[in-house]
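So the chains spell out like this:
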Amino acid sequence: MWKTAKNKEPTTNRRCFSIVHQYIQRFNEVSGGKSAVIRVKSMTPGVTITQHVVNIPEGKSTPDFESTPMSENTKEGKVAIFKVVVKGDPKPEVTWRRAKGPITDKDKFHSKYDESTGEHILEIVKVSGAETDTYKCYAANEYGKAVCKATLTVIEDSNHPSDFRKLLRRSKEKPGGESDERFWQAMLKADKKDYERICTEFGVSDLHLILKKLEEKKEERAHNNYQDGTTAYDENGTEGHSFSSGGRTKNSNLKVMQKGKGLHQEDEEVHLFNTGRDLTDEEAMLLSTELIFSTVDFVIKIQELKAQEGDDALFACVLTHPLPKITWTGKGSTLEEGAKCSITVSDHKLIHRLLIKDCNSLDQGIYSAVAGVKSCSAWLVVQAESDPASAGMRRARKTTVASGAPIDLEKIAVEQQIKKREEMEKILAAVKAKHKEGQVAAMDKKSEGNSIDNTLDNSGCATREGGKRLGKPKNKKRMRSGQMDFDKVTDSNEGDFQDDDDFTGSVKKSKNRKHGQNGEHEQMEFDQTETSAESQNDVADCDGNKDSRRQKHRKKAHRKRRTYAREDPNEPTSEDEASYSDESEDSLDQHKRSRRAKQSKMLKKVNGESTCPEEYSGYDEIEGITGAPTHSRRKRRGPLTEDVVIDIGVHFICGLSDVNAVINETAELTCKLSSEDCEGAWFRDGKKISPDHNFSVTNDGAIHKLVIIRCDEEHSGKYRFEADGRKTEAMINVKDPPRFNHADLKAFSEPVTVKAGHNAIFKLQFLGHEPVKIKWYSEGEELLDDNNTKIEKSASHSRLLLSRCQRRDTGEIKIKLKNEHGFIEAISQLIVLDKPTLPLGPAEVTEGSAICIEFRWRPPKDDGGSPVINYMVERQQVGRNTWKKIGEIPGIPSYRDTDVDHGRKYCYRIRAVTAEGTSEVMETDEMQAGTLAFPGPPAPPKVVSAYDDCVNISWAPPSNTGGSRILGYVLEKRKKGSNLWSAVNATDELIKVKKYAVKDVVMGMEYEFRVTAVNLSGIGEYSNPSEFVFARDPKKPPGKVSNLKVTESSYSHFVLTWTKPEDKPEIQDEAKGYFVEIRPAECLDWSRCNPTRIITTSFSVKGLKSMNMYWVRVIAVNDGGESAPEELANYVLAIPSPVRPKFTNHKMKSFMVVKAGNSVRITVNFEASPWPHVMWIKDNVPVTKRVTITNSDGSSQLLIPSSERSDSGIYSILVKNLAGQETFSTEVRVTDDPKPPGPVVLEETVPGTVTVIWEPSPDEKRDDRLHYTVSKLDFTKGNWTTVAEKLFNNKCTVCNIMPGREYHFRVYAENDMGVSAPSESPTCWKEKKKEKRVVSIPTRKECDLRCAPTFIVPLKFHAAPKGYECYMSCAVKGNPKPRITWYRNHISLNTDTNYYISNTCGVCSMLVLRVGPRDMGEYTIAAENALGRAECSTVLTVKE
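If you're wondering where the values come from, they're calculated on a predicted model, not measured in any experiment.

### Notes on the sheet that holds strand β32 (residues 695–700)
Line of reasoning, step 1. If you trace the four strands from one edge of the open sheet to the other, you get β27-β29-β33-β32, paired in antiparallel fashion. The open sheet terminates on both sides in strands that have one partner only, identified here as β27 (652–654) and β32. Averaged over all pairs of adjacent strands, the angle between their axes in this sheet comes to 25 degrees, without regard to strand direction.
Line of reasoning, step 2. Taken together, the six bridges between strand β29 (residues 667–673) and strand β33 (residues 703–708) define a ladder with antiparallel strand orientation. Following the sheet pairing, Ala667 is matched in β33 by Ile708.

### Points about the packing of aromatic side chains
Ring pairs (aromatic) are described by centroid distance and by the angle formed between their planes.
Line of reasoning, step 1. Counted according to the given criterion, the structure contains 19 aromatic pairs.
Line of reasoning, step 2. Measuring from centroid to centroid gives 6.1 Å for Phe1143 and Phe1224, while their planes differ by 55 degrees, and the two rings are tilted. With Phe1143 in strand β70 (residues 1139–1143) and Phe1224 in strand β78 (residues 1220–1231), this residue pair connects regions lying 81 residues apart in the sequence.
Line of reasoning, step 3. Given a relative accessible area of 18%, Phe1224 falls into the buried group.
Line of reasoning, step 4. Ring pairing ties together the aromatic residues Phe855, Trp857, Tyr871, Tyr895 and Tyr908, which thus form one cluster.
Line of reasoning, step 5. Cation over ring: Lys217 sits above Trp184, and NZ or CZ is 5.0 Å from the ring centre.

### Some points on the sheet that holds strand β80 (residues 1250–1254)
Line of reasoning, step 1. Pairing is antiparallel across the open sheet formed by three strands, whose spatial order is β79-β80-β83. Both outer strands of the open sheet, β79 (1240–1243) and β83 (1291–1294), are each paired with one neighbouring strand and no more. Taking the axes of each pair of neighbouring strands and ignoring which way they run, one obtains an average angle of 20 degrees across the sheet.
Line of reasoning, step 2. The pairing of β79 with β80 spans four bridges and is antiparallel. The residue bridging Leu1242 from the neighbouring strand is Val1252, located in β80.

### Description of helix α3 (residues 181–189)
Line of reasoning, step 1. Taken as a whole, α3 has its buried residues at Phe183, Trp184 and Met187. Considered in projection along α3, the buried side chains sweep an arc of 95 degrees and stay on one side of the axis.

### Considering the side chain of Glu722
Line of reasoning, step 1. Within the secondary structure layout, Glu722 lies in strand β34 (residues 717–723).
Line of reasoning, step 2. The class for Glu722 is buried, based on a relative accessible area of 17%.
Line of reasoning, step 3. Here Arg720 takes part through its side chain, which lies 2.7 Å from a polar atom of the side chain of Glu722.

### Comments concerning the pairing of strand β40 (residues 789–793)
Along a regular strand, successive side chains alternate from one face of the sheet to the other.
Line of reasoning, step 1. Of the pairings in the sheet, the one linking β40 to strand β41 (residues 797–802) comprises five bridges and is antiparallel in character. Looking at the pairing, Lys790 lines up with Leu801 of β41.
Line of reasoning, step 2. In this structure, the hairpin formed by β40 and β41 is closed by a connection of three residues.

### What about the pairing of β29?
Line of reasoning, step 1. The alternating pattern of β29 places Ala667, Leu669, Cys671 and Leu673 on a buried face and Glu668, Thr670 and Lys672 on a face that is not buried.
Line of reasoning, step 2. Note: β27 against β29, two bridges, orientation antiparallel. Counted as the bridge partner of Cys654 is Lys672 from β29.

### Details of the pattern of salt bridges
Line of reasoning, step 1. For the coordinates displayed, the defined rule picks out 50 salt bridges.
Line of reasoning, step 2. Notably, a salt bridge pairs Glu729 with Arg720, separated by 4.0 Å at the nearest N-O pair. The same class applies to Glu729 as to Arg720, namely buried.
Line of reasoning, step 3. Measuring nitrogen to oxygen at the nearest pair gives 2.8 Å for the salt bridge that ties Glu1077 to Arg1088. Placement of the pair is Glu1077 in strand β63 (residues 1073–1080) and Arg1088 in strand β64 (residues 1087–1088), with a sequence separation of eleven residues.
Line of reasoning, step 4. Residues joined by salt bridges that share partners form a network here, namely Glu1227, Arg1229, Asp1263, Arg1265 and Asp1312.

### Some thoughts on the side chain of Ser1321
Line of reasoning, step 1. Mapped onto the elements, Ser1321 comes out in the loop between β85 (1319–1320) and β86 (1347–1353).
Line of reasoning, step 2. Within the structure, Ser1321 has its side chain in polar contact with the backbone nitrogen of Phe1305 (distance 2.8 Å).
Line of reasoning, step 3. What Ser1321 contacts, discounting residues up to four positions off in sequence, is Val1240, Leu1242, His1304 and Phe1305.

### Here's the deal with a negative patch on the surface
Line of reasoning, step 1. There is a patch of like negative charges on the surface, built from Asp347, Asp408, Glu410 and Glu415.
Line of reasoning, step 2. Within the secondary structure layout, Glu410 lies in helix α7 (residues 409–447).
Line of reasoning, step 3. A relative accessible area of 37% means that Glu410 is categorised as partly exposed.

### Notes on the confidence of the model for the protein
Line of reasoning, step 1. Summarising the model, the protein shows a mean pLDDT of 76, and 74% of its residues fall at 70 or more.
Line of reasoning, step 2. Note that residues 228–293 has pLDDT below 50 and, in this model, 150 contacts with residues that lie over four places away or in other chains.
Line of reasoning, step 3. Ignoring residues within four places in sequence, the model shows residues 445–645, a span with pLDDT below 50, making 378 contacts including any to other chains.

### Comments concerning the environment of Pro1378
Line of reasoning, step 1. Note on placement: Pro1378 falls in the loop between β88 (1366–1375) and β89 (1379–1384).
Line of reasoning, step 2. Remark: the alpha-carbon pair of Pro1378 and Ala1423, spanning 45 residues in sequence, is separated by 5.5 Å.
Line of reasoning, step 3. With residues up to four places along the chain from it excluded, the contact list for Pro1378 reads Pro1349, Ala1423, Glu1424 and Asn1425.

What counts and what doesn't
Residues numbered from 1 in each chain as written. Predicted model: local features only at pLDDT ≥ 70, side-chain atom pairs only at ≥ 80, totals over all residues. Heavy atoms only, no water. Pairing = 2+ DSSP bridges. Helix = DSSP H or I, 4+ residues; strand = E, 2+ residues; numbered from the N terminus. Axes fitted to C-alpha atoms, helices over the stretch in contact; angles between N-to-C directions. Phe/Tyr/Trp six-rings, centres within 6.5 Å; stacked < 30°, edge-to-face > 60°. Buried < 20%, exposed > 50% of the residue type's maximum accessible area, 1.4 Å probe, protein only. Lys NZ or Arg CZ within 6 Å of the ring centre and 35° of its normal. Arc of directions from axis to C-beta. Polar contact = N/O pair within 3.5 Å; in protein donor to acceptor, adjacent residues only side chain to side chain. Salt bridge = Lys/Arg side-chain N within 4 Å of Asp/Glu carboxyl O. Contact = heavy atoms within 4.5 Å. Patch = residues over 30% accessible without salt bridge, like charges linked within 9 Å, V, L, I, M, F, W, Y side chains within 5 Å. Areas by Shrake-Rupley, 256 points an atom, 1.4 Å probe, with all protein chains shown as cover. Lys, Arg positive; Asp, Glu negative; His and termini not counted. Charge placed at Lys NZ, Arg CZ, Asp CG, Glu CD. pLDDT = per-residue confidence, 0-100.

What follows is the structure, encoded as structure tokens:
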């Protein structure tokens, strides 16, 4: 790929041939080793290759794609498949990506590799609108990467019941597809690049069919416009559509001209006669492509080919219109010119050929030729070598063409050209007739004195009598002149128009619209006539003379840059006009100018003068010698002149074509003129050629030839032939490719035969421009210098020496020479003679009796290049050590030994003898003479046919003949229900053939048959009986089954039922059984589900792939044959019958309370078919990411690992499929032990009652189910009683308070988790009494034993082996008793069943039952009570 040369000067950098290499190396040096990106062109279209390194080692390569994925339009719910084949060394790694997101869903995207085909496959299952995207495939290795892409378009399934409302709404919004008139209006107005988008918007999927219909509508609209001859104008007075010849773009290099269905391209200008508007380059290119592709078709389509493996296959087709190139595809990939495929086109561009070289099994498939919107396809069938013995031998390669009667493609192409030319002549004649009718009508109008005259004078100005203007435009500034070029019509047989002089017609918008329309209609006819004539000339140029047409187009384009302002001949011309000369047309001679002068005089004589209207508002540009345009006002000074028909003179029928000549050989240039009396001159590089010893100029009527007798390099150049002002040019390229002398090549082609161990020499002389690269090949592999191979090379010859040749060296020897001018090959054969290999065994005993032993063997696999003359046979009696030489027998691989003793065993040794020597020995197994060896059983007899008086039976011979030949067979029969077998033939009347007609039968009875073989030892074993058969005339096949339907289906099977066919005498008999056949939707072959026929009218088809589509049919059979298959109208989808989702666990809780920090786990079991869509929501909002959803077959689980109070809410699951949906909700409340209420206050407003008031608990705002309980202590009774509970306010009135007693109150906060610590009230007051005596008793302070949690013994570091138990423990104290919680990586473990947790008297322990990698991390224990919280941490590591 990248060529480098060694630099002889000492330097650290290697010099590259390419400037790009030097730039990249310089970039790498400056950037400090950062690599520059190299873009490499791929041979496969649509592939981008990026090379990472500058120099790739020999034998290595960057990745590339041999085949790219095809864009797909897939219905929703189906499977989309992209396939690619990559190459590169090292083997590239293939990845897939998409433009709008990742491809991480393993259930949706399946990426795999098929080793049998070498394809990398991306499958997208159950596609939906979300998968509509551009998908890219990346192939990368260490030297670079390659990228290709394809588009997936998902078509929504309108039959989905759940989308019925969308379908109704869409039916109101979207048009009705191709039946909607708005669709065709949009397509007719849109650019070609917008066609696919419009079809998608209107719901049209078949773009190929729409393009065909669109072309028909365009032709119909153009034809209607042509018939009406009208021109549309807008409100401002400018033309909407006009027939204009002046529509020329500044940078355009294409001219598109259409007449009927013909299309021709010219070099300089872009004109479209049926639209009249100027086209940009892009529009012209799109339009030209569209017109060509819409008209081309196939006259001869490609045919199916059956080629032998190793041969070439040639496809060929003939087109209706010439095309320089068509698209060839093979097995879904576009084919390009290369070592495997050769694409050729004929000179007239009508015959296109595709040659597949050296066919093998991988080339078998469908090949297509695509020309525009038309295409044709055919199969290439590659057949294996029919002769196994010659499978490994090299043979001459043949080219396979289509079978059947041979077709002369050249003759058909010429007939197609003649047909097109005749059609053009008919159109031209019709246009001429219309033009003449228009002239007569114009003259009639003039004679009748009409005020408006539509005749055009020679200057192209439309006038009327009196020299008045045709009409005054409404707005001069916005007025345009619609001009058309008129070629003067000739009466020549060719029907061509003159190209030398152009008439310019002017059509203006006038108040009299009708007159303007008629004028435009005439101009359109003239211009289309000119187009037809030019099209005819292009078809007639069968030699592909592009230069002559290019010259003509260049002259016409040069003239169309000017508009001639012809004035009165008596008026002197301006200086610019006098100085004008057409210097670019070197073919304009004096004769042509004199003819123009005569034409000018003729015009003067007819009308005296030619003038234009006096007040003409349009200006014409006149180019002078300097090319600067000037403006002149044209005026009419006299009456109108008549149209004059002028002969176009001599022109070329066939021009010159480029020639590639070989040095020292003859080259010939040929052209044909329309006249035989015209002389011409030949020029080379502008210099006239005179005949001499190198150049021969001949003239055979209208055919002119220039022959270069002996070409030399100096003869290369541009050659031109001029005649009567016309010229044609072509190039001659003299090359000096490698070539051989015919005698030397003939001698080299003779096979070289040498004996093994001798040397073989091949040498060949050649000629050619130096340097010549010389390569030698043996059986396609290049030969290099080594111990046994020596290659000598020089400027004029090469020699190959093969030393000590071996038998395996036999094969094709090829020399390939190549230089800058071409390459050539020569082929010879090397035959190495050697002694043969040993004969092939094992030996087969054909007869082993008491008097003889006869056996045979196979010839040697390789006879060493010489035929086997004799075989040397030796014999040894088993038990003895000596071998007896029997002698040599002729070269037939069999022997009959009659000198044997009864019952003895013998062994034989065999050698093959050829002219080159004797082979190694082949020894046989032991063979016994005279042993009774009976034959084995034959195969069960088969009933061929049965009639009322005869049953025809056939059978196969036994595999074991018993060591001797089969003498004959004995056949027996037995009636059904009987145990007695009766012989059909006697033992002394053996049946010699393996078939028999049994005539001893009773009509209507049922029989079975068996057969035994008889050899020299006697009767052998009987075969198994045949099937029972009735002795009656053949039956009629049954009719088709009816009422075929599917009664049950699942993901892996479905059940079929049907009704048996009717029994109609003489038409169809009763069915005896049935066969069920299926085929996947993507396959064309049917496969039977039951190997033997079934008698029931139902069948269960099993082993299906889930969600796959299958076609099903049932065939009824009887003794008369099979019925026509009955097939289901629609495919069967491997999916269960729809089942509405239903929840199966009736013990699911609708409310659950979870303590904060613990996990929340909700499991729901359901059944549904097909697989439903499951969605979880919380309070009508989708759940957050911290919630884990796990879906399995028939169940779904919601898990919150560590809950928080914010997780409280109503969790709902929605299960939905085609049959319906079902919802279940569970309320989850995450809470904790409540905190006690605030301070308690007592109030007494009414005697005997106390109002207890307290501050709310801090948890009241976060827990709407929190309530309060109030307890009372009467000191006289000494016990606590509950006075109120489930209070949701913050006060309570207590009655029955006895005056004089002490009361104490407690308030508890309570929720779903439990009861908080109490909030104590002050002592309730009592009525004061008069104190008689006060005794002060010292109060006793109680001891407070409460304390916050603290760890007495902390956790220790643990390192446990994998799979073992791990025990952690610590000690904690606290009062009240603290609540213990274990965490791993800050996630609560209290509810995890993999951990055993205990707390005994403050000793907290945790046991990890089976340590694994997931158990590694930080473990934390938290102790918490009302007075505080304490934590202790450790780390667990797992040893492998």
